[in-house]
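Observations on the three-dimensional arrangement
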Amino acid sequence: MMDEELVKELHLVHEQVCDALGSPIRLMIFYALSGKSRYVSDLAAELDLPQPTVSRHLKVLRERGLVNTRRDGPAVYYELADERVMEALELMRTVLRDRLRKQARITEKSAQAMS
């Protein structure tokens, strides 16, 4: 039987991180914030999305502790709370790319065998 503490932690990881990153828009925001703080208007322009949409997604990321805010007078900057999440995203992208390459090779071999 799986350790009870591990099960609780996995549920929290899903609730606090995976669910928050479960939107392609939030992933794009995350990448846009990688290594630099940004205003919501800058993010909206870069992502070609309406500012209210970006703000709504930033709210989710902020509530889950994945982005921080910093005030500069009336302006609010957003920044990643922990760059290690970017490392995890990059690792997942690498896994996906490797899997897609493997599938492409299998498809190619299958097509060659049929011809």
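So, here is what we can say about the structure in this document.

Calculation notes
- Residues numbered from 1 in each chain as written.
- Predicted model: local features only at pLDDT ≥ 70, side-chain atom pairs only at ≥ 80, totals over all residues.
- Heavy atoms only, no water.
- Phe/Tyr/Trp six-rings, centres within 6.5 Å; stacked < 30°, edge-to-face > 60°.
- Helix = DSSP H or I, 4+ residues; strand = E, 2+ residues; numbered from the N terminus.
- Buried < 20%, exposed > 50% of the residue type's maximum accessible area, 1.4 Å probe, protein only.
- Lys NZ or Arg CZ within 6 Å of the ring centre and 35° of its normal.
- Expected span 1.5 Å × (residues − 1).
- Contact = heavy atoms within 4.5 Å.
- Pairing = 2+ DSSP bridges.
- Salt bridge = Lys/Arg side-chain N within 4 Å of Asp/Glu carboxyl O.
- Axes fitted to C-alpha atoms, helices over the stretch in contact; angles between N-to-C directions.
- Parallel < 35°, antiparallel > 145°, perpendicular 65-115°, else oblique.
- Left-handed = near helix turned anticlockwise from the far one by under 90°.
- Nonpolar A, V, L, I, M, F, W, Y, C, P; charged D, E, K, R; others polar.

The next point concerns the packing of aromatic side chains. The full count for this structure, using the stated rule, is one aromatic pair. With a centroid separation of 4.4 Å and an interplanar angle of 25°, the aromatic rings of Tyr-39 and Tyr-77 are classed as stacked. With Tyr-39 in strand 1 (residues 38–39) and Tyr-77 in strand 3 (residues 75–80), this pair connects stretches of sequence that are 38 residues apart. When its relative accessible area of 26% is taken as the criterion, Tyr-39 is described as partly exposed. Positioned above the aromatic ring of Tyr-77, the side-chain terminus of Arg-70 is 4.4 Å from the ring centre.

Next up on the list: helix 5 (residues 84–114). With 31 residues, helix 5 extends 45 Å between its outermost C-alpha atoms, agreeing within 8% with the 45 Å of an ideal straight helix rising 1.5 Å per residue. When we look at burial in helix 5, the residues that qualify are Val-85, Met-86 and Leu-89. Next to the buried residues of helix 5 lie helix 2 (24–33) and strand 3.

Where strand 2 (residues 67–72) and strand 3 come together, six bridges link them in antiparallel fashion. Across the sheet, the residue bridging to Asp-72 is Ala-75, located in strand 3.

This part is about the pattern of salt bridges. This structure, assessed with the given rule, holds nine salt bridges. Here Glu-79 ties to Arg-70 by a salt bridge, and the two come within 3.8 Å at their closest N and O atoms. The exposure class of Glu-79 is partly exposed, given its relative accessible area of 24%. We note a salt bridge from Arg-101 to Asp-98, for which the minimum N-O separation is 3.2 Å. Of this pair, Arg-101 and Asp-98 both sit in helix 5, three residues apart, roughly one helical turn. Overall, Arg-101 belongs to the partly exposed group, its relative accessible area being 45%. With relative accessibility at 42%, the residue Asp-98 sits in the partly exposed group.

Okay, the packing of helix 3 (residues 40–47) against helix 4 (residues 51–63) next. Relative orientation of the contacting elements helix 3 and helix 4 amounts to 115°, with a least axis distance of 9 Å. As judged from the angle between their axes, helix 3 and helix 4 are roughly perpendicular. Read as a crossing pair, helix 3 and helix 4 show a hand that is right-handed. The residues of helix 4 that touch helix 3, namely those facing Val-40, Ser-41, Leu-43 and Ala-44, are Gln-51, Val-54, Ser-55 and Leu-58. A breakdown of the residues in the contact of helix 3 with helix 4 according to their chemical character gives five nonpolar, three polar and no charged.

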